[in-house]
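# Coordinates in review
Residue strings, one per chain:
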Amino acid sequence: MNDSRYTVTVKLTSQELDYIRSIIPDELMSILNLCLCSMNHNSFMLSLSKKNSGQFRSFFTEELAKHGFNDNYLPNSEGYMLESLIDRFFCPRL
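The written sequence of each chain sets the order in which its residues are numbered from 1. Since the coordinates come from a predicted model, pLDDT governs what is reported: local features require at least 70, and pairs of side-chain atoms require 80 or more to be given and counted, while whole-chain, interface and lining totals use all residues. Excluded from the side-chain calculations are hydrogens and water; all other atoms, namely the structure's heavy atoms, are used.

## Observations concerning the pattern of salt bridges
Formally: The rule for a salt bridge is simple: a side-chain nitrogen of Lys or Arg has to be within 4 Å of a carboxyl oxygen of Asp or Glu. Strands are runs of DSSP state E lasting at least 2 residues, helices are runs of H or I lasting at least 4, and numbering of each runs from the N terminus. Only protein chains enter the accessibility calculation, which uses a 1.4 Å probe; a residue whose area is less than 20% of its type maximum is buried, one above 50% is exposed, and one in between is partly exposed.
Overall, the coordinates contain two salt bridges when judged by the stated rule. With its nearest N and O atoms 2.8 Å apart, the salt bridge here joins Arg88 to Glu16. Here Arg88, found in helix H4 (residues 77-88), pairs with Glu16, found in helix H1 (residues 14-23); they are 72 residues apart in sequence, far enough to count as distant. On the basis of relative accessible area, Arg88 is assigned to the partly exposed category, the value being 27%. One salt bridge connects Glu63 with Lys66, and the closest N-O pair in it is separated by 3.9 Å. Of the two residues, Glu63 and Lys66 are both situated in helix H3 (residues 50-67); the distance of three residues between them amounts to about one turn of the helix.

## Some points on H4
Which entries qualify depends on this criterion: Here the expected span of a helix is defined as 1.5 Å times the quantity of residues minus one. Comment: arc refers to directions from the helix axis out to C-beta atoms. The contact definition used throughout considers only heavy atoms, calling two residues in contact when any of these lie within 4.5 Å. Each polar contact in these results corresponds to two N or O atoms within 3.5 Å; when the atoms are within protein, one needs to be able to donate a hydrogen and the other to accept it, and residues that are neighboring in sequence are counted only if both atoms are side-chain atoms.
Compared with an ideal rise of 1.5 Å per residue, which puts 12 residues at 16 Å, H4 spans 17 Å between its outermost C-alpha atoms and is within 8% of the ideal. Considered for burial, the residues of H4 that qualify are Gly79, Leu82, Leu85 and Ile86. Buried residues of H4, viewed axially, fall in a sector of 130 degrees; they line one side. For H4, exposure combined with an orientation more than 90 degrees from the buried face picks out Ser77, Tyr80 and Asp87. Packing partners of the buried residues in H4 comprise strand E1 (7-13), H1 and H3. The N-terminus of H4 is capped by Asn76, whose side-chain oxygen sits 3.1 Å from the backbone nitrogen of Glu78.

## Quick notes on the pairing of strand E2 (residues 36-40)
As a reminder of what qualifies: Here, strands pair whenever DSSP counts at least two bridges between them.
Here E2 runs beside strand E3 (residues 43-49); their pairing, made up of four bridges, is antiparallel. Looking across to E3, one finds that Ser38 is bridged to Phe44. Counting the residues that bridge the hairpin from E2 to E3 gives two residues.

Here is the structure:
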């Protein structure tokens, strides 16, 4: 089955986009730059293949495990951001 037929569209604020740009590796930055569209000065949209959305979700999940929880294993502010991104980058099976 051709993965390119299945896409996920993610809307981002400028703050979310700045956060993502501050943490992702070069490989994901290349994908981000290719797939990013500006909707207005504070709103952006990504249209990603299922494979690419999965790559972002995997990276966000790793970051969540490393930096997203306080000493009581409750989400901190970064954790809440990462959890939101993980959910929004999900591409359901069709």
